[in-house]
Amino acid sequence: MLSGHGLFGEEHDAFRRTVRAVVQKELRPFAREWEERQEFPRALFTRFGELGFLGLKYPEEYGGSNAGELYEAVLLEELARCGSGGVSAGLGAQFTIATAPLHRYGTDAQKRRWLVPAIRGERIGALGVTEPDAGSDVAGLRTTARRDGDHYVVNGSKLYITNGVRADFVVLAVKSDPGAGHSGLSMLVVERGTPGFGVSRRLEKLGWRASDTAELHLEDCRVPVANLLGREGEGFAQIMGNFQWERLSLALGALGAADELLETSLQYVKDRHAFGKPLAAFQVLRHRLAEMATDLECARQLTYHALRLHVGGEYAIAQTSMAKKVATEMCCRMADQALQLHGGAGYMMELDIQRHWRDARLGPIGGGTSEIMNEIIAKQLGI
Ligand SMILES: Cc1cc2nc3c(=O)[nH]c(=O)nc-3n(C[C@H](O)[C@H](O)[C@H](O)COP(=O)(O)OP(=O)(O)OC[C@H]3O[C@@H](n4cnc5c(N)ncnc54)[C@H](O)[C@@H]3O)c2cc1C
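Residues numbered from 1 in each chain as written. Predicted model: local features only at pLDDT ≥ 70, side-chain atom pairs only at ≥ 80, totals over all residues. Heavy atoms only, no water.

A.B. asks: Got a minute to help me understand the overall build of the chain in this structure?
C.D. replies: Looking only at helices and strands, the chain features 12 helices and 10 strands. Over its C-alpha trace the chain gives a radius of gyration of 21 Å, about what one expects of a compact globule, namely 21 Å for 383 residues. On the principal axes, the C-alpha backbone points of the chain span a range of 80 × 50 × 40 Å. Counting all 383 residues of the chain, 56% fall into the buried class. (Helix = DSSP H or I, 4+ residues; strand = E, 2+ residues; numbered from the N terminus. Rg over C-alpha atoms; globule rule 2.2 N^0.38 Å. Buried < 20%, exposed > 50% of the residue type's maximum accessible area, 1.4 Å probe, protein only.)

A.B. asks: Explanation requested: the packing of helix α1 (residues 10-37) against helix α3 (residues 69-79) in the structure shown.
C.D. replies: Two quantities define a packed helix pair, namely the angle between the helix axes and the distance between the axes. In contact at an axis separation of 9 Å, α1 and α3 are set at 35° when each is read in the N-to-C sense. For the element pair α1 and α3, the recorded crossing hand is right-handed. Taking contact as the criterion, the partners of E11, H12, F15, R16, V19, R20, V23 and L27 in α1 are, on α3, L70, Y71, V74, L75, E77, E78 and L79. (Axes fitted to C-alpha atoms, helices over the stretch in contact; angles between N-to-C directions. Left-handed = near helix turned anticlockwise from the far one by under 90°. Contact = heavy atoms within 4.5 Å.)

A.B. asks: Whenever I open this one, the site of the ligand confuses me. Can you help?
C.D. replies: Not every one of the 19 residues close to the ligand is listed here, only the nearest: T130, S136, Y160, T369 and E371. Contacts to the ligand include T162, whose side-chain N or O atom sits 2.8 Å from a nitrogen atom. Within the complex, the protein chains bury 64% of what would otherwise be the 970 Å² of accessible surface of the ligand. The set of elements that each furnish at least two residues to the shell around the ligand consists of β1 (125-128), β3 (151-162) and α12 (370-380). With 3 residues, β3 is the single largest residue contributor to the shell around the ligand. Grouping the amino acids of the shell around the ligand by side-chain chemistry returns 9 nonpolar, 8 polar and 2 charged. Domain assignment of the residues forming the shell around the ligand places at least three in each of domain 2 (126-232) and domain 3 (237-380). (Near = heavy atom within 4 Å. Polar contact = N/O pair within 3.5 Å; in protein donor to acceptor, adjacent residues only side chain to side chain. Areas by Shrake-Rupley, 256 points an atom, 1.4 Å probe, with all protein chains shown as cover. Nonpolar A, V, L, I, M, F, W, Y, C, P; charged D, E, K, R; others polar. Domains from an automatic or database assignment.)

A.B. asks: Which parts of the structure should I look at to understand the nonpolar core?
C.D. replies: Soluble globular proteins tend to pack their nonpolar side chains together in the buried interior. Counting residues in each nonpolar core, the largest one holds 63 residues, and the members touching the most others are L27, V87 and L307. Of all elements in the fold, only α1, α2 (43-50), α3, α4 (85-98), α7 (235-271), α8 (283-311), α9 (317-341) and α11 (353-360) reach the threshold of two or more residues within this core. Viewed by domain, this core spans two of them, domain 1 (10-123) and domain 3 (237-380), each represented by three or more residues. Aside from chain neighbours lying at most four places away, what touches L27 is V22, W34, L44, F48, L79, C82 and V87. (Core = buried A, V, L, I, M, F, W, Y, C linked by side-chain atoms within 4.5 Å.)

A.B. asks: Help me understand the packing of aromatic side chains in this model?
C.D. replies: Given two aromatic rings, one states the distance between the centres and the angle between the planes to describe the pair. Within the structure shown, the criterion is met by 7 aromatic pairs. Considering the side-chain rings of F15 and Y71, the 5.3 Å spacing of their centres and the 65° angle between planes classify their relative orientation as edge-to-face. Residue F15 is located in helix α1, and its partner Y71 is located in helix α3; the two are separated by 56 residues in the primary sequence. Exposure class is identical for F15 and Y71. Each is buried. The side chain of R16 reaches across the aromatic face of F8, ending 5.4 Å from its centre. The side chain of R147 reaches across the aromatic face of Y152, ending 5.9 Å from its centre. (Phe/Tyr/Trp six-rings, centres within 6.5 Å; stacked < 30°, edge-to-face > 60°. Lys NZ or Arg CZ within 6 Å of the ring centre and 35° of its normal.)

A.B. asks: Even after reading the chapter, I still don't get the pattern of salt bridges, so can you show me in this structure?
C.D. replies: Between side chains of opposite charge, a pair can form as their charged atoms come close. Evaluation of the coordinates by the stated rule reveals 31 salt bridges. Ionic pairing is found between R355 and D359, a salt bridge with its closest N-O pair at 2.7 Å. Here D359 and R355 lie together in helix α11, a separation of 4 residues that amounts to about one turn. We note that R355, like D359, is buried. Each of R28, E260, D352, R355 and D359 takes part in one network of salt bridges that share partners. (Salt bridge = Lys/Arg side-chain N within 4 Å of Asp/Glu carboxyl O.)

A.B. asks: Sorry, what's going on with the domain arrangement of the chain here?
C.D. replies: Size of an interface: often given as the accessible area lost when the parts come together. Partitioning the chain into domains gives domain 1 (10-123), domain 2 (126-232) and domain 3 (237-380). Here domain 1 and domain 2 have C-alpha centroids that lie 23 Å from each other. Of the residues lining the interface, 28 residues belong to domain 1; the matching set on domain 2 comes to 22 residues. The junction of domain 1 with domain 2 conceals about 2200 Å² of combined surface from both sides, 55% of it contributed by carbon and sulfur atoms. Notably, a salt bridge pairs R42 with D168, separated by 2.6 Å at the nearest N-O pair. Taken together, the links from domain 1 to domain 2 amount to 10 residue pairs in polar contact (both at pLDDT 80 or more). Ranked by residue count, the leading element in the side of domain 1 that touches domain 2 is α4, at 9 residues. Grouping the constituent residues of the side of domain 1 that touches domain 2 by class yields 14 nonpolar, 8 polar and 6 charged. (Buried area = accessible area lost by both parts, 1.4 Å probe.)

A.B. asks: What is the right way to look at the packing of α7 against α9 in this model?
C.D. replies: Running from N to C, α7 and α9 cross one another at 25°; their axes reach a closest spacing of 8 Å. What the angle tells us is that α7 and α9 run roughly parallel. In the crossing of α7 with α9, the sense of the turn from one axis to the other is left-handed. (Parallel < 35°, antiparallel > 145°, perpendicular 65-115°, else oblique.)

A.B. asks: Before we go on, may I ask you to explain the environment of S65 in this structure?
C.D. replies: As for its position among the elements, S65 is in the loop between α2 and α3. C-alpha of S65 to C-alpha of W208: the two residues are 143 residues apart in sequence and 29 Å apart in space.

A.B. asks: Whenever I open this one, α11 confuses me. Can you help?
C.D. replies: Counting buried residues in α11 gives 7 out of 8 residues, a clear majority hidden from the surface. Buried within α11 are the following residues: I353, Q354, R355, H356, R358, D359 and A360. Where α11 is buried, its residues meet α1, α4, α7, α9 and α10 (344-347).

Next up, the structure:
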């Protein structure tokens, strides 16, 4: 509804129109079917690769366009309007969390092996941090990687991994030195087909239905030392670094979804009549919409502020955590209010409101919960 507040230039606005057209023509008409099937076509990855959407922030020598993170921010907002949180989550995981560690910490050889085909959409990536017994407490993860000659022998499991079922490679957080706490973590790339690595199950979810979410197991899985990202023991810092863009991505997606919910609600109160008047004539509903718009605008300002700091090269950990918490919680409220405004229609599967309501609920959980965001913010306050 409102502009990019000076953050985005004309070139970003033009890109937004391009993405919106692709989303409306190539995703939206099929989204409900993919949600019901709980899967979207693998060909969407290659299509996004052809369009250059998977390499917006990566260098040209690896097949990216080096356009920058602001373009990816536009893509994330627009993708949230595709009619399926699962589609935006699956495609988004490829360019936000799965490939970013390869770009930031990988060698040239590693980038050519995994980043280049991922930017083309020919290979699907996933990020595997969370485990059955360790989610918020990243340093407490239990998957071990014991060095044995030119290999690591990996044992453990990963839970709730987006794209995990059909991933060709997983960027895996492991404990390479179980006695060393935070400095005992490392990141390893494990390829599909490596003996001892497999999918235990595909998980059923409340929302994000079209994305695949997996539990993975690793049993005496031998991973070449050449698949280590950066140096042994750098994993915790790498994971925390990766979280910044993941959290901004979730905030941006929440803005896109909330924007659509607000637009839909504004239209509905004009079209729907009760007691002989359009709903928009009732002050209580007009004021509710005014509050929804204000809620969205607060979250947008904070998110764009964090984004501006991030693209300016700052490690804006407090502002990013605030934006992630505020924007994702705002989107839950927005979906709930929109559902209420639509009455019985909001509860029906024909409308997208119920799907938004289910999808939005992941926002305050994934990529670090709201409670963990508060913990980070409190630490930044020195308490
Ligand atoms: C659909 C989906 C997709 C996901 N995709 C991925 C993925 O691709 N890769 C990946 O690695 N992970 C993924 N996750 C995992 C997600 O990041 C974790 O679920 C999240 O970080 C929370 O971890 P947890 O589920 O183990 O909850 P827990 O850490 O067990 O937390 C449970 C509750 O306790 C609270 N809590 C925990 N510690 C504290 C504390 N110190 N102070 C206050 N409260 C606390 C939490 O806020 C939460 O409310 C995904 C999850 C979902 C649901």
